[in-house]
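# Structural characterization, general
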Amino acid sequence: HTKLFREERERPVLIVTDLRPNMFFGSRELKSVTACQVTAALAWAGLNANDRVGGLIFGGKTQCDIRARRSHHTVLQLIHKLRDFSEQLIHTQTNRYSLSEILEDTRRVAMPGSTLFIISDFHDLDKHCEQHLFELARHCDTNFCHIHDALEAHLPPPANYQVTNGLRQFSLNTRGPEVRRQFEQQFKDRLDRLRQISTKLRTGRLSFETSVPILPVLQQAYGRKKPRRGQ
């Protein structure tokens, strides 16, 4: 009689979700809502693949660390925390964490060999972030999930709009062609920088617009296969 043993190879899944005040924005659906949907979908997919799933959630004032486990309870705990942090956005205007600090904290938690998803709008991606991303990509299968809204790429039709951030209100004139060009160029520059970093570090990169369902994007990227670096 011969016994054959198959080595169990699990890759812990760590999902980092940005729920800072910058994510409390959207023309049809809030970026924070889309981020939560992506997080939940990835968490269930990881559990169905028999992987241990954990998460880091960053809000305006606090952060939450959920240790990776192979458990329905852990995924439900993650979803409940997403709800709590989302509700806090209604009352939170200050921002304690920068993206660089989020990535630095992620380096502390992420285990070598983990599959890492970073879900954010990456609005404050800078040179300090790049070093942290380099270190993460060295040891983890790193994937960027870029959340954005159509209004961030293109201003609404030329007119005067009343805009508020919850504290102040002001008038936004979108008639000037130079203003529109500069606005669109800023978004394009941020997107190009994220693409360049992703290509340089050979990370995965997915883009989610708030008005578009997330599941077709995930299914097209991964299907029934586990995420791989560079997809």
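Structure: above.
Here the structure is a predicted model, which means the values were calculated and not measured.

About the thresholds
Residues numbered from 1 in each chain as written. Predicted model: local features only at pLDDT ≥ 70, side-chain atom pairs only at ≥ 80, totals over all residues. Heavy atoms only, no water. Helix = DSSP H or I, 4+ residues; strand = E, 2+ residues; numbered from the N terminus. Rg over C-alpha atoms; globule rule 2.2 N^0.38 Å. Buried < 20%, exposed > 50% of the residue type's maximum accessible area, 1.4 Å probe, protein only. Contact = heavy atoms within 4.5 Å. Areas by Shrake-Rupley, 256 points an atom, 1.4 Å probe, with all protein chains shown as cover. Polar contact = N/O pair within 3.5 Å; in protein donor to acceptor, adjacent residues only side chain to side chain. Pairing = 2+ DSSP bridges. Core = buried A, V, L, I, M, F, W, Y, C linked by side-chain atoms within 4.5 Å. Phe/Tyr/Trp six-rings, centres within 6.5 Å; stacked < 30°, edge-to-face > 60°. Axes fitted to C-alpha atoms, helices over the stretch in contact; angles between N-to-C directions. Parallel < 35°, antiparallel > 145°, perpendicular 65-115°, else oblique. Left-handed = near helix turned anticlockwise from the far one by under 90°. Nonpolar A, V, L, I, M, F, W, Y, C, P; charged D, E, K, R; others polar.

## Comments concerning the overall build of the protein
The helix and strand tally for the protein stands at seven helices and eight strands. Its C-alpha radius of gyration of 19 Å places the protein within 12% of the 17 Å reference for a compact globule of 231 residues. A principal-axis box enclosing the C-alpha atoms of the protein has dimensions of 80 × 35 × 30 Å. Counting across all 231 residues of the protein, residues that qualify as buried make up 43%. Taking the intrachain contacts of the protein between residues at least 6 apart in sequence as the baseline, contacts between residues at least 24 apart amount to 74%. Counting every atom, the protein has about 13,500 Å² of accessible surface; 51% of that belongs to carbon and sulfur.

## Observations regarding the side chain of D18
Structurally, D18 is set in strand β1 (residues 13–18). Reaching out from D18, the side chain makes a polar contact with the side chain of R20 at a distance of 2.9 Å. When neighbours within four sequence positions are excluded, D18 is seen to be in contact with M23, F58, I119, S120 and D121.

## A closer look at the side chain of E152
If you trace the backbone, E152 turns up in helix α5 (residues 150–153). Classification of E152 as buried rests on a relative accessible area of 16%. At 2.8 Å, the side chain of E152 forms a polar contact with the backbone nitrogen of D149. For E152, the residues in contact, after removing those within four places along its chain, are F25, K31, I147, F183 and F187.

## Structural notes on the pairing of strand β8 (residues 204–209)
Only one face of β8 is covered, namely the face carrying G204, L206 and F208; the face carrying R205, S207 and E209 is uncovered. Note: strand β5 (residues 141–148) against β8, six bridges, orientation parallel. Directly across from I147, in β8, lies its bridge partner F208.

## As for the nonpolar core
Inside soluble globular proteins, nonpolar side chains tend to come together where they are buried. One finds I15, V38, L42, I119 and F208 to be the most contacted residues of the largest nonpolar core, which totals 27 residues. At six residues, the largest contribution of residues to this core is made by helix α1 (residues 31–48). For V38, the contacting residues outside a window of four places in its chain are I119, C145, I147, F208 and I214. In this structure, V16, I118, A137 and C140 belong to the second largest nonpolar core, which totals 22 residues.

## Focus: the packing of aromatic side chains
Under the counting rule described, the total for this entry stands at three aromatic pairs. Between F122 and F144 the ring centres are 5.6 Å apart and the planes differ by 55 degrees, which places this aromatic pair in the tilted class. Of this pair, F122 sits in the loop between β4 (115–120) and α4 (127–139) while F144 is found in strand β5, placing the two residues 22 residues apart along the sequence. With a relative accessible area of 1%, F144 lands in the buried category.

## Overview of unusual backbone geometry
Phi is positive for N50, close to 70 degrees, though the residue is something other than glycine. With respect to the secondary-structure elements, N50 resides in the loop between α1 and β2 (53–58). Positive phi, close to 60 degrees, is recorded for R202, a residue that is not glycine. In this structure, R202 sits in the loop between α6 (177–201) and β8. Given a relative accessible area of 60%, R202 falls into the exposed group.

## Some points on the packing of α1 against helix α7 (residues 214–222)
Helix-helix packing: each pair is described by the crossing angle between the helix axes and the interaxial distance. Between α1 and α7, the shortest axis-to-axis distance is 10 Å and the interhelical angle comes to 45 degrees. By the angle class used here, α1 and α7 are oblique. Here the hand of the crossing between α1 and α7 comes out right-handed. Contacts from T34, Q37, V38, A41 and L42 of α1 reach α7 at I214, L215 and L218. The class makeup of the residues in the contact of α1 with α7 is six nonpolar, two polar and no charged.

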